[in-house]
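Here is what each chain is made of, one letter per residue.
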Amino acid sequence: MSLIKSISGIRGTIGGKPGDNLTPLDTVKFAAAYGTWLKNAIPGKKLKVVLGRDARISGAMVQNLVMNTLVGMGIDIVDIGLSTTPTVEIAVPKEKADGGIILTASHNPKQWNALKLLNDKGEFLNGAEGEKILINAENEEFNFAEVDDLGKISVIEDYIDRHIKEVLQLKLVDADAVSKAGFKVVVDAVNSTGGIAIPALLKKMGVEVVELYCEPNGHFPHNPEPLKEHLGEISKLVVRENADLGIVVDPDVDRLALIDEKGQMFGEEYTLVACADYVLSKTQGSTVSNLSSSRALRDLTLSHGQKYQASAVGEVNVVQLMKDTNAIIGGEGNGGIIYPESHYGRDSLVGVALFLTYLAEKKMLVSALKESYPQYFMSKNKIELTPDLDVDEILRKVQENHNSEEITTIDGVKIDFEDNWVHLRKSNTEPIIRIYTEAKSEKEAEELAQKMITEIKKIAF
């Protein structure tokens, strides 16, 4: 499937036939559906939308299509150009805009692009709002503006600099302490906009920067998802440069992965753990992550005498639970840091600044900091089923089989055993059950996954 429509936006591969790929026609239709939703939600007002993009090769084309579609609906545009997802999120309320669109397919390869949609707070739309946009796109009931009512485009070129300034003004960020620590850091920004933002932030904090793939030209030199198997080059460079750590971000800079001084992965799950450790050491309050994130955050939060809660998977769900519980920090185990003192969105710039401040305070090697946390290992599997099987019924039977354990059903079925856990989620697009497990060793996590696969097969077949 090359065109995926969901409540969080539309993404697809460039080229091909309308309806099958993210063609110009699909781009225009979905932009018009978003504009229609805004006009229906806020009738009678001259609307304004902030637009930014990552460095994908298709970015300029997609941006022009989206901007001019909205201009044609009578909506003004604030074009912040090459940007990051968190930068656009910050810009929306600052510009007193009614919404925002980020043109990025996140960690997908270069042939993909997408429209990520924001509300007037610079936060992702909820399910009901996203559903209305999908209906608008399906019905194609668009109403464009007459010639005297067309929107206007204004350009602001320094929003990444404004974002950096905001990060440096956070109370728990201490650029002077980081500068005195004399850190040397290697940055892999996969030739997207992180190559603009992260080195600039680091230099403002007095860090010596070694840049690897920081040219924002959209030619990703490796798979852009910041996972261990894609990061061999930076791991070697950290050691060769005798650097203190490596920093890796995805194309839209909302996922942060770290590499220790030995060239070993700190672990995306532990990016949030370390930042939360620092924030909890200075501030009392609860934390939130999603059901598929590491138990390490729960353990750490309890060790600080605070409360931890888990949401359904998805940034919008994490944010809602954070608001409901007044959490002081949260995020997702994919390296997404959400720090409400800044804004309710995953932000690698905030993560970098908090992590380096804590590292300067602790005066520890990155590897030693990692070893100070509860050690868990995760395994991610899936089981493919025939289309005629009732996946919900299979999950219900799994739940029945383990009803003596701690079970959560807000998003699939999560079973918390004493020393490990398993989370089962069905795919919305295909007959698949995703199986996430975590335990105190890689072997144990994989064994738990295989045991669950065997149990599901017995139920299903």
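Everything below is about the structure printed above this text.
Please read these numbers as outputs of a predicted model, since none were measured by experiment.

Scanning all chains against the criterion turns up four aromatic pairs. Each ring, one from Phe266 and one from Phe355, has its centre 5.5 Å from the other, and the planes form 75 degrees; the classification is edge-to-face. One end of the pair, Phe266, is in the loop between β11 (256-259) and α9 (268-282); the other, Phe355, is in helix α12 (residues 348-362), with 89 residues separating them in the sequence. Neither Phe266 nor Phe355 differs from the other in exposure class; each is buried. When the ring centre of Tyr159 is taken as origin, the NZ or CZ atom of Arg162, which lies over that ring, is 4.7 Å away. It is Lys370 that lies over the ring of Phe266; its NZ or CZ is 6.0 Å from the centre.

Assignment of secondary structure puts Ile453 in helix α15 (residues 442-460). Taking C-alpha positions, Ile453 is 17 Å from Glu442, a pair spaced eleven residues apart along the chain. In contact with Ile453, other than residues within four places in its own chain, are Asn381, Ile383 and Ile435.

This part covers the packing of helix α5 (residues 159-168) against α12. Running from N to C, α5 and α12 cross one another at 35 degrees; their axes reach a closest spacing of 10 Å. When the axes of α5 and α12 are compared, the crossing they make is right-handed. Facing α5, whose interface residues are His163, Ile164 and Val167, α12 presents Leu349, Val350 and Ala353. When the residues that make up the contact of α5 with α12 are grouped by side-chain class, the tally is five nonpolar, one polar and no charged.

Below, the discussion takes up unusual backbone geometry. A positive phi angle is found at Val253, which is not glycine, with a value near 70 degrees. In this fold, Val253 is placed in the loop between β10 (245-249) and β11. What makes Val253 buried here is its relative accessible area of 0%. The residue Lys363 is not glycine, and still its phi comes out positive at about 55 degrees. By the secondary structure assignment, Lys363 is in the loop between α12 and α13 (366-371).

Looking now at the environment of Lys443. Tracing the chain through its elements places Lys443 in helix α15. Take Lys443: its relative accessible area is 60%, and that puts it in the exposed class.

Looking now at the sheet that holds strand β8 (residues 184-188). Strands sit in the order β9-β8-β10-β11 across an open sheet of four strands; the sheet is mixed. Of all strands in the sheet, those bounded by a partner on one side alone are β9 (208-212) and β11. Within the sheet, the average angular offset between the axes of one strand and its neighbour, ignoring direction, is 25 degrees. Across four bridges, β10 lies against β11 in antiparallel orientation. Bridging from a neighbouring strand, Val249 pairs with Leu256 of β11.

A large share of strand β5 (residues 99-103) lies buried, amounting to five of its five residues. Side chains Gly99, Ile101 and Leu103 of β5 all project onto a buried face; the interleaved residues Gly100 and Ile102 project onto the opposite face, where all are buried too. In terms of strand pairing, strand β3 (residues 48-53) meets β5 through five bridges, oriented parallel. Within β5, the position partnered with Val49 by the bridge is Gly99. Sheet topology note: the β5/strand β6 (residues 112-118) ladder contains four bridges and is antiparallel. Across the sheet, Ile102 pairs through a bridge with Lys116, a residue of β6.

Moving on, we get to the packing of helix α7 (residues 194-204) against α12. Taken N-terminus to C-terminus, the directions of α7 and α12 make an angle of 30 degrees; their axes are 10 Å apart at the nearest point. By the criterion of interaxial angle, the relationship of α7 to α12 is roughly parallel. As for how α7 packs across α12, the hand of that crossing is right-handed. Residues Ala197, Ile198, Leu201 and Leu202 of α7 lie in contact with α12, whose contacting residues are Leu349, Val352 and Leu356. Residue classes in the contact of α7 with α12 are distributed as seven nonpolar, no polar and no charged.

Topologically, Ala137 is positioned in helix α4 (residues 127-139). Among the residues examined, Ala137 registers a relative accessible area of 5% and is labelled buried. Sequence spacing of Ala137 and Lys29 is 108 residues, and the spatial spacing of their C-alpha atoms is 6.1 Å. If we skip the residues at most four places from it in the chain, Ala137 touches Lys29, Phe30, Ala33 and Phe142.

Here we come to the nonpolar core. With 57 residues, the main nonpolar core has Leu202, Ile247 and Phe355 as its most contacted residues. Of the residues forming this core, the biggest block, ten residues, is contributed by α12. Contacts of Leu202, omitting those with residues within four sequence positions, involve Val185, Val187, Val207, Val209, Ile247, Val352 and Leu356. Counting 29 residues, the second largest nonpolar core, distinct from the first, contains Phe30, Leu51, Ile77 and Leu134.

Rules used in this analysis
Residues numbered from 1 in each chain as written. Predicted model: local features only at pLDDT ≥ 70, side-chain atom pairs only at ≥ 80, totals over all residues. Heavy atoms only, no water. Phe/Tyr/Trp six-rings, centres within 6.5 Å; stacked < 30°, edge-to-face > 60°. Helix = DSSP H or I, 4+ residues; strand = E, 2+ residues; numbered from the N terminus. Buried < 20%, exposed > 50% of the residue type's maximum accessible area, 1.4 Å probe, protein only. Lys NZ or Arg CZ within 6 Å of the ring centre and 35° of its normal. Contact = heavy atoms within 4.5 Å. Axes fitted to C-alpha atoms, helices over the stretch in contact; angles between N-to-C directions. Left-handed = near helix turned anticlockwise from the far one by under 90°. Nonpolar A, V, L, I, M, F, W, Y, C, P; charged D, E, K, R; others polar. Pairing = 2+ DSSP bridges. Parallel < 35°, antiparallel > 145°, perpendicular 65-115°, else oblique. Core = buried A, V, L, I, M, F, W, Y, C linked by side-chain atoms within 4.5 Å.

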